[in-house]
Amino acid sequence: MTVSRRGDLLEFAVLGLLHESPMHGYELRKRLNTALGAFRALSYGSLYPCLRELLGKGWIFESSSVEGDALSGSRRARIVYELTADGKERFQDMAETAGPTAWDDEEFDVHFAFFARTKADVRLRILEGRRSRLEERLANIRTASVRNRERMDLYTAALQRHGEESAEREVRWLEELISAERRGIATPNPHNTRA
């Protein structure tokens, strides 16, 4: 993934989390690291430049909150980031214009995290694209396995089987989600509107 693509993905994730509720930087970083596994290695060195850029574009604004520390009795102000109306619109545009890159591992995870705020036709397109990408990967794994069977040691063969089983499980999971989307089981979220 190029730096600009990762930067765009971070921007999308930050806007998506702030769409849920205002947060200060530490909380935002924690949520990115836990809820969106793709950013486990996220550092303040990449988050704060992203926040400055979003502030400059007018998609978020800063406010202050005062928090107390029960142990020391001290109180300190924290900067809280909130979405502007333009930021909400930007997030919705990014969620609705998801293309083939949303089928890739890291991007799929981030887009999936915000499916509740994504239109049904876009969710279906992403799910079908992801399934197609995984079916290609599965075919490649199987071809390589057959071609290299005699040359593989026990551990390499086990790793290859693990990769194949993981891809098969995810394809089945995606097929279930696609069926549910097509049947309309996944009900639209009232937050899907451009509020």
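The rules behind each value
Residues numbered from 1 in each chain as written. Predicted model: local features only at pLDDT ≥ 70, side-chain atom pairs only at ≥ 80, totals over all residues. Heavy atoms only, no water. Helix = DSSP H or I, 4+ residues; strand = E, 2+ residues; numbered from the N terminus. Buried < 20%, exposed > 50% of the residue type's maximum accessible area, 1.4 Å probe, protein only. Contact = heavy atoms within 4.5 Å. Areas by Shrake-Rupley, 256 points an atom, 1.4 Å probe, with all protein chains shown as cover. Phe/Tyr/Trp six-rings, centres within 6.5 Å; stacked < 30°, edge-to-face > 60°. Patch = residues over 30% accessible without salt bridge, like charges linked within 9 Å, V, L, I, M, F, W, Y side chains within 5 Å. Salt bridge = Lys/Arg side-chain N within 4 Å of Asp/Glu carboxyl O. Lys, Arg positive; Asp, Glu negative; His and termini not counted. Charge placed at Lys NZ, Arg CZ, Asp CG, Glu CD. Core = buried A, V, L, I, M, F, W, Y, C linked by side-chain atoms within 4.5 Å.

1. So, the overall build of the chain
So, point 1. Check the secondary structure of the chain and you find 7 helices and 3 strands.
So, point 2. Counting from the amino terminus, helix and strand elements in the chain follow one another as α-β-α-α-β-β-α-α-α-α.
So, point 3. Scored against the burial criterion, the 195 residues of the chain give a buried share of 36%.
So, point 4. Of the contacts made within the chain by residues no fewer than 6 positions apart, 61% connect residues no fewer than 24 positions apart.
So, point 5. Surface exposure of the chain reaches about 11300 Å², of which carbon and sulfur atoms provide 52%.

2. Observations concerning the packing of aromatic side chains
Two aromatic rings are characterised by how far apart their centres lie and by the angle between their planes.
So, point 1. If you walk through the whole model with that rule in mind, you get 7 aromatic pairs.
So, point 2. Between Phe12 and Phe114 the ring centres are 5.5 Å apart and the planes differ by 80°, which places this aromatic pair in the edge-to-face class. Of this pair, Phe12 sits in helix α1 (residues 3-20) while Phe114 sits in the loop between α5 (105-113) and α6 (120-148), and the two are 102 residues apart along the sequence. Neither Phe12 nor Phe114 differs from the other in exposure class; each is buried.
So, point 3. An angle of 50° between the planes, with centres 4.9 Å apart, marks the rings of Phe112 and Phe115 as tilted.

3. Overview of a negative patch on the surface
So, point 1. A cluster of acidic residues, Glu135, Glu136, Glu175 and Glu176, forms a negative patch at the surface.
So, point 2. For the negative patch, the elements supplying multiple residues, two or more each, are α6 and α7 (154-183).

4. Things to note about the nonpolar core
So, point 1. Counting residues in hydrophobic clusters, the biggest one holds 24 residues, and the most contacted among them are Val14, Leu15, Leu18, Leu28, Leu32 and Ile60.
So, point 2. Elements supplying a minimum of two residues to this core: α1, α2 (25-35), α3 (44-56), β3 (75-83) and α4 (85-96).
So, point 3. In terms of residue count, α1 provides more of this core than any other element does, 8 residues in total.
So, point 4. Discounting chain neighbours no more than four positions away, the residues touching Leu15 are Leu54, Trp59, Ile60, Leu83, Gly87, Arg90, Phe91 and Met94.
So, point 5. Grouped together as the second largest cluster of nonpolar side chains are 12 residues, Ala98, Phe108, Phe115 and Ile178 included.

5. Focus: the pattern of salt bridges
So, point 1. Under the defined criterion, the tally for this structure stands at 13 salt bridges.
So, point 2. Arg31 serves as the salt-bridge partner of Glu20, at 2.7 Å between the closest nitrogen and oxygen. A residue pair is termed long-range when its members are at least 10 positions apart, and Glu20 in helix α1 and Arg31 in helix α2 qualify at 11 residues.
So, point 3. Taking relative accessible area as the criterion, Glu20 reaches 38% and is therefore assigned partly exposed.
So, point 4. Among the ionic pairs, Arg133 bridges to Asp104, the shortest N-O distance being 2.2 Å. Of this pair, Arg133 sits in helix α6 while Asp104 is found in the loop between α4 and α5, placing the two residues 29 residues apart along the sequence.
So, point 5. Since its relative accessible area comes to 23%, Asp104 is described here as partly exposed.
So, point 6. In the salt-bridge network here, residues are joined through shared partners; they are Glu11, Glu53, Lys57 and Arg90.

6. Side note on the side chain of Glu181
So, point 1. Looking at where Glu181 falls in the secondary structure, it is placed in helix α7.
So, point 2. Classification of Glu181 as buried rests on a relative accessible area of 15%.

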